[in-house]
Amino acid sequence: MDIEYFLSIDTYNLSRVIYHFLPSYSLEVVFENIKKNSKQNIQLKYHDALSDSIACKHIFEEFVNYSSYIFEKYDILPYIVSCNQ
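Residues numbered from 1 in each chain as written. Predicted model: local features only at pLDDT ≥ 70, side-chain atom pairs only at ≥ 80, totals over all residues. Heavy atoms only, no water.

Q: Got a minute to help me understand the overall build of the protein in this structure?
A: The helix and strand tally for the protein stands at 4 helices and 0 strands. Along the protein, from the amino end to the carboxyl end, the secondary structure elements read α-α-α-α. By residue count, 22% of the 85 residues in the protein fall in the buried class. Within the protein, contacts between residues at least 6 apart in sequence are counted, and of these 38% link residues at least 24 apart. As presented, the protein carries roughly 6900 Å² of accessible surface, and 56% of it is formed by carbon and sulfur atoms. (Helix = DSSP H or I, 4+ residues; strand = E, 2+ residues; numbered from the N terminus. Buried < 20%, exposed > 50% of the residue type's maximum accessible area, 1.4 Å probe, protein only. Contact = heavy atoms within 4.5 Å. Areas by Shrake-Rupley, 256 points an atom, 1.4 Å probe, with all protein chains shown as cover.)

Here's what the structure looks like:
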């Protein structure tokens, strides 16, 4: 069976784009920043595989929401992105 590489999403790079002002881009710091703006009360045990996966999921969702907001606000942006692919 040949498994082909498909896609990789690095929460570190996503975090640097969205939260460029954070002193650190560790999973704990980024997730705690997201939690401040969230209505959900999520408690995680960091450096635990399940908790880290949940934190990554929330960071990814935040990135998708932020991207959607930016694309709606700046009509030209989807065109610029499509030209650079």
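There is more to say after this.
Q: Looking at this structure, I do not really get the packing of helix α2 (residues 27–36) against helix α3 (residues 49–73). What am I missing?
A: For any two helices packed against each other, one specifies the inter-axial angle together with the distance between the axes. Packing of α2 against α3 leaves a shortest axis separation of 10 Å and a crossing angle of 55°. Classed by the angle they form, the pair α2 and α3 counts as oblique. Viewed along their axes, α2 and α3 form a crossing whose handedness is left-handed. Judged by residue contacts, L27, V30, F31 and I34 of α2 engage D52, A55, C56, H58, I59 and E62 from α3. (Axes fitted to C-alpha atoms, helices over the stretch in contact; angles between N-to-C directions. Parallel < 35°, antiparallel > 145°, perpendicular 65-115°, else oblique. Left-handed = near helix turned anticlockwise from the far one by under 90°.)

Q: Please clarify how unusual backbone geometry should be interpreted in this entry.
A: Excluding glycine, a negative phi dihedral is what most residues carry, and trans is how most peptide bonds are arranged. Although it is not a glycine, H47 sits at a positive phi angle of roughly 70°. With respect to the secondary-structure elements, H47 resides in the loop between α2 and α3. Judged by relative accessible area, which is 68%, H47 ranks as exposed.

Q: What's the story with the nonpolar core in this structure? I'm lost.
A: Generally speaking, a soluble globular protein has its nonpolar side chains buried in company with each other. Membership of the largest hydrophobic core is limited to 11 residues, which are I18, Y19, L22, L27, V30, F31, I34, I42, L44, A55 and I59. Those elements that provide at least two residues to this core are α2 and α3. Top element by residues in this core is α2. It accounts for 4 residues. Excluding residues within four positions of it along the chain, F31 makes contact with I42, L44, Y46, A55 and H58. (Core = buried A, V, L, I, M, F, W, Y, C linked by side-chain atoms within 4.5 Å.)

Q: What is the right way to read the side chain of H58 from this model?
A: Mapped onto the elements of the fold, H58 is located in helix α3. If near-sequence neighbours (up to four positions away) are discounted, H58 is found in contact with F31, I34, Q40 and I42.

Q: I would appreciate a short explanation of α2 in the present structure.
A: Residue pairs three or four apart in sequence face the same way in an α-helix, which turns once every 3.6 residues. What α2 keeps buried is the set L27, V30, F31, N33, I34 and K35. On its buried side, α2 packs onto α1 (11–18) and α3.

Q: Would you take a moment to explain α1 for this structure?
A: Looking only at α1, the buried set comprises T11, L14, S15 and I18. With its buried residues spanning 100° around the axis, α1 presents them on a single face. Buried-residue contacts for α1 involve α2 and α3. The opening residue of α1 is D10, an N-cap whose side-chain oxygen sits 2.9 Å from the backbone nitrogen of Y12. (Arc of directions from axis to C-beta. Polar contact = N/O pair within 3.5 Å; in protein donor to acceptor, adjacent residues only side chain to side chain.)

Worth remembering: the numbers are spatial, not functional.
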